[in-house]
Amino acid sequence: MRYHTLWQKQRGISLSDLLVWAVILILVSISGLKVAPAYIEFSSIKRNLAAMVKDIDTQTTSPSQIKISFDKRAQIDGIKSINGQDIKINKENGRIVLSASYVVQIPLVSNISLHIDFQASSE
């Protein structure tokens, strides 16, 4: 009887549970490491669009100059998902708003991939 009460008081994690959780943690971290560069590039695109709107003179800057300016900034920051031709230029309430939509497909395992739609805007 004393053996039975000691066994009930013991708590903890078994080796098999530890291995299962370790595998799950490793899979989640590998997926996160594959997805992180796409989100870093998205934040860089968004930051460049916002900086360009601050630098643009609304009266004298043409759409082609804006696209060329983005291409130069993209080359400096290593942006490869979009280029200047993908930028949409709109005027809202007398302000220029730059936006871009693009898709990133990240291969995970074998024929399984992650499809992420991004929509960056200067607002």
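Residues numbered from 1 in each chain as written. Predicted model: local features only at pLDDT ≥ 70, side-chain atom pairs only at ≥ 80, totals over all residues. Heavy atoms only, no water.

Asker: Explain the environment of tyrosine 39 to me, please; I cannot follow it from the model alone.
Answerer: The residue tyrosine 39 is located in helix 2 (residues 15-55) in this model. Under the relative-accessibility criterion, tyrosine 39 is labelled partly exposed at 44%. Placed 14 residues apart in sequence, tyrosine 39 and leucine 25 show a C-alpha to C-alpha distance of 21 Å. Residues contacting tyrosine 39, with those up to four places away along its chain left out, are Ile116 and Phe118. (Helix = DSSP H or I, 4+ residues; strand = E, 2+ residues; numbered from the N terminus. Buried < 20%, exposed > 50% of the residue type's maximum accessible area, 1.4 Å probe, protein only. Contact = heavy atoms within 4.5 Å.)

Asker: I'm lost on the packing of aromatic side chains in this one. Help?
Answerer: Aromatic rings considered in pairs are described by the distance between their centres and by the relative angle of their planes. Applying the stated criterion to the full structure yields 3 aromatic pairs. Taken together, a centroid distance of 5.1 Å and an interplanar angle of 80° make the contact between tyrosine 39 and phenylalanine 118 edge-to-face. Taken as a pair, tyrosine 39 in helix 2 and phenylalanine 118 in strand 3 (residues 112-121) lie far apart in primary sequence, 79 residues in all. Relative accessible area serves as the criterion here: at 4%, phenylalanine 118 is assigned to the buried category. Summarising the aromatic geometry, the rings of phenylalanine 42 and phenylalanine 118 are spaced 4.9 Å apart at their centres and angled 25° between planes, so their arrangement reads as stacked. (Phe/Tyr/Trp six-rings, centres within 6.5 Å; stacked < 30°, edge-to-face > 60°.)

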